[in-house]
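Listed here are the chains, written in short residue letters.
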Amino acid sequence: MTAIFAHRGFSAAAPENTMAAFRAAEEAGADGIELDVQLTKDGRLAVIHDEKLNRTTNGRGYVKDWEWKDLSKLEAKYKFPEAAHDTGIPLLEDVFEWMRENEIICNIELKNNEFPYAGMEEKVIRLIHQYNYESRVVISSFNHYSLTYVYRLAPDLETAALYSSHIYMPWKYAEAIRAGAIHPHIRTVKSEMIHAAVEHGIHIRPYTVNKEKHIQWLIKEGCSALITDDPKLAISIRDSILDV
Ligand code: G3P
Ligand code: CA
């Protein structure tokens, strides 16, 4: 069955990458969440998509120039000014604490393609091992050097190659960099690719899948998972397909 991952949480219904969005994803019945991590000036793992605070928060400048004590006071209510609870920037450990209450899978995207964030991989791996979440996390990145580094440090963890262009036989590429999954942009996905990846034991989880026709197609093709802003819609489509 195709798993439904909520992109930046249920970001169609709540401010992206906040606990409000992750809780909304759980309430909608999502199998997993996807989130983004950046490193603060004092080395904390902050859950936020952009390198800069400007788009999603009431702060300004780069995450890497802020200490957590100041960052933790910001609001990340972008697009949802009326949202009342859990709308600050979370730490990855806040998300991990909440995961104790459920069985959600967490796709951690390392946002280290613009800034290398030295030590980020080690911090994420240490936290995963501290919570014994080895089987509940997937580490993805557009920075594939970082993914191979994660593999060397922690071969027990699943890594996923994120990409947005047309890679030839991406399941072979995944094997070459020792990734357990590919996370392609939806526009690059073909039916044969889904079948080949699954046959080779490589999970395939396209992003960001918001159109009904794409959701239906991926589910019918037996795709491992899909990453969507609207897990409620995807689950209702999956339910209607499984009911037939
Ligand atoms: O992980 C899938 C997707 O989140 C990658 O793109 O820009 O939304 O982080 P972006
Ligand atoms: Ca992401």
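Reading guide: rules and limits
- Residues numbered from 1 in each chain as written.
- Chains lettered and ligands numbered in written order.
- Predicted model: local features only at pLDDT ≥ 70, side-chain atom pairs only at ≥ 80, totals over all residues.
- Heavy atoms only, no water.
- Helix = DSSP H or I, 4+ residues; strand = E, 2+ residues; numbered from the N terminus.
- Polar contact = N/O pair within 3.5 Å; in protein donor to acceptor, adjacent residues only side chain to side chain.
- Contact = heavy atoms within 4.5 Å.
- Near = heavy atom within 4 Å.
- Areas by Shrake-Rupley, 256 points an atom, 1.4 Å probe, with all protein chains shown as cover.
- Nonpolar A, V, L, I, M, F, W, Y, C, P; charged D, E, K, R; others polar.
- Donors = N, O, S within 2.8 Å, 3.2 Å for Na, K, Ca; no water.
- Buried < 20%, exposed > 50% of the residue type's maximum accessible area, 1.4 Å probe, protein only.
- Axes fitted to C-alpha atoms, helices over the stretch in contact; angles between N-to-C directions.
- Parallel < 35°, antiparallel > 145°, perpendicular 65-115°, else oblique.
- Left-handed = near helix turned anticlockwise from the far one by under 90°.
- Arc of directions from axis to C-beta.
- UniProt positions renumbered as here; feature names shortened; annotations may be inferred.
- Core = buried A, V, L, I, M, F, W, Y, C linked by side-chain atoms within 4.5 Å.

**Some thoughts on the side chain of Ser-191**
And step 1. Locating Ser-191 in the fold gives a position in helix α7 (residues 191-199).
And step 2. A distance of 3.1 Å separates the side chain of Ser-191 from the side chain of Glu-221, its partner in a polar contact.
And step 3. Here Ser-191 is in contact with Trp-217 and Glu-221, once residues within four sequence places are set aside.

**Focus on the site of ligand 1**
And step 1. Around ligand 1, the structure places His-7, Arg-8, Glu-34, Asp-36, His-49, Glu-109, Lys-111, Phe-142, Leu-162 and Tyr-207.
And step 2. A distance of 2.8 Å is found between an oxygen atom of ligand 1 and a side-chain nitrogen or oxygen belonging to His-49.
And step 3. Between Lys-111 and ligand 1, the recorded distance is 2.8 Å, taken from a side-chain N or O atom to an oxygen atom.
And step 4. Starting from 290 Å² of accessible surface for ligand 1 in isolation, the protein chains cover 89%.
And step 5. Of the residues contributing to the shell around ligand 1, the split by class is three nonpolar, two polar and five charged.

**Description of the coordination of the calcium ion (ligand 2)**
And step 1. Every protein donor of the calcium ion (ligand 2) is listed here as Glu-34 (OE), Asp-36 (OD) and Glu-109 (OE), and their distances to the metal cover 2.1 to 2.2 Å.
And step 2. Spacing between the donor residues of the calcium ion (ligand 2) along the chain follows E-x1-D-x72-E. The residues Glu-34 and Asp-36 share a single accessibility class, namely buried.

**Notes on the packing of helix α4 (residues 120-131) against helix α5 (residues 144-153)**
And step 1. Direction vectors running N to C along α4 and α5 enclose 45 degrees, while the axes themselves pass 10 Å from each other. Put simply, α4 runs oblique to α5. Here the hand of the crossing between α4 and α5 comes out right-handed. Taking contact as the criterion, the partners of Glu-121, Glu-122 and Ile-125 in α4 are, on α5, Ser-146, Tyr-149, Val-150 and Leu-153.
And step 2. For the contact of α4 with α5, a count of residues per class yields four nonpolar, one polar and two charged.

**Observations regarding the environment of Gln-130**
And step 1. Checked against the element boundaries, Gln-130 lands in helix α4.
And step 2. In the structure, Gln-130 is positioned 19 residues away from Tyr-149 in sequence and 19 Å away in space, judged by C-alpha atoms.

**What to know about helix α3 (residues 92-99)**
And step 1. Taken together, the buried positions of α3 are occupied by Leu-92, Val-95, Phe-96, Trp-98 and Met-99. Buried residues along α3 cover an arc of 160 degrees about the axis, so they all sit on one side.
And step 2. Contacts from the buried residues of α3 go to α1 (19-28), β2 (32-39), β3 (45-47), β4 (105-110), α4 and β5 (137-141).

**Considerations on the side chain of Thr-159**
And step 1. Secondary-structure assignment places Thr-159 in strand β6 (residues 158-163).
And step 2. Residue classification places Thr-159 among the buried residues on the basis of a relative accessible area of 1%.
And step 3. Contact partners of Thr-159, with chain neighbours within four places excluded, come to Ile-139, Leu-147, Val-150, Arg-178, Ala-179, Gly-180 and Ala-181.

**Side note on the UniProt feature "domain: GP-PDE" (unreviewed entry) in the protein chain**
And step 1. What UniProt calls "domain: GP-PDE" (unreviewed entry) maps, in this numbering, to residues 2-238.
And step 2. Segment residues 2-238 splits into 32% helix and 18% strand. End C-alpha atoms: 8 Å apart.

**Some thoughts on the environment of Lys-77**
And step 1. Along the polypeptide, Lys-77 turns up in the loop between α2 (68-71) and α3.
And step 2. Residues Lys-77 and Ile-89 lie twelve residues apart in sequence; the distance between their C-alpha atoms is 9.4 Å.
And step 3. At a separation of 2.8 Å, a polar atom in the side chain of Lys-77 contacts the main-chain carbonyl oxygen of Ala-83.

**Concerning the nonpolar core**
Side chains that are nonpolar tend, in soluble globular proteins, to be buried together.
And step 1. Residues Ile-33, Leu-35, Leu-92, Phe-96 and Ile-108 are the most contacted members of the largest nonpolar core, which totals 62 residues.
And step 2. Among all residues touching Ile-108, those that are not within four sequence positions of it are Leu-35, Val-37, Leu-92, Phe-96, Val-124, Ile-128, Val-137, Val-138, Ile-139 and Ser-140.

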